[in-house]
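Per-entry structural report
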Amino acid sequence: MARVPYSHELYALARHLVFRCEGEHKAAVECKNKHDWPEDCKPESEALVRATNKLYKEAMDRAPEEFKEFAECLDQNGLRFARCRDKQKAFEATFPIVEADK
């Protein structure tokens, strides 16, 4: 199994997560809004973690260099997207946020 993504890698995937893991994210947030006890939302949270890890693996498989360069740029620049737009553009060109219809 691949390692867990670092925070700067999750930031690099943030826009992708919004679209590609929307259902899992929405379910986890809605559950947490209804319940005070974290254990009550364990299935929803685990589903979101699985979806995030799957997306991370997919990014590493399909655009490893572009993803690493973008994530490292964010890490070196205090997670400031504005300083990494060129790397972001290269990553998103190789690994689009929304897949084109096939």
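Residues numbered from 1 in each chain as written. Predicted model: local features only at pLDDT ≥ 70, side-chain atom pairs only at ≥ 80, totals over all residues. Heavy atoms only, no water.

1. Brief notes about the state of the cysteines
In the structure shown here, the tally under the stated rule is two disulfides. Across a sulfur-sulfur distance of 2.1 Å, Cys 31 and Cys 41 are joined as a disulfide pair. For the disulfide bridge between Cys 31 and Cys 41, the dihedral angle about the S-S bond is near -95°, and by the sign convention the bridge is left-handed. A residue pair is termed long-range when its members are at least 10 positions apart, and Cys 31 in helix H2 (residues 22–34) and Cys 41 in the loop between H2 and helix H3 (42–62) qualify at 10 residues. Both residues of the pair, Cys 31 and Cys 41, belong to the buried class. The partner cysteine of Cys 73 in its disulfide is Cys 84, sulfur to sulfur 2.2 Å. For the disulfide bridge between Cys 73 and Cys 84, the dihedral angle about the S-S bond is near -90°, and by the sign convention the bridge is left-handed. Note that Cys 73 is positioned in helix H4 (residues 64–76) and Cys 84 in the loop between H4 and helix H5 (85–94), a separation of 11 residues in sequence. The buried category is assigned to Cys 73, whose relative accessible area is 10%. Here the disulfide map of the protein reads 1-2, 3-4, the bonded cysteines being numbered as they appear in the sequence. Residue Cys 21 stays outside any disulfide, its sulfur separated by 17 Å from that of Cys 31, the closest cysteine. (Disulfide = S-S within 2.5 Å. Helix = DSSP H or I, 4+ residues; strand = E, 2+ residues; numbered from the N terminus. Buried < 20%, exposed > 50% of the residue type's maximum accessible area, 1.4 Å probe, protein only.)

2. Observations concerning unusual backbone geometry
With phi around 60°, Leu 79 is a residue other than glycine that occupies positive phi space. Its place among the elements puts Leu 79 in the loop between H4 and H5. Note on Leu 79: relative accessible area 27%, which makes it partly exposed.

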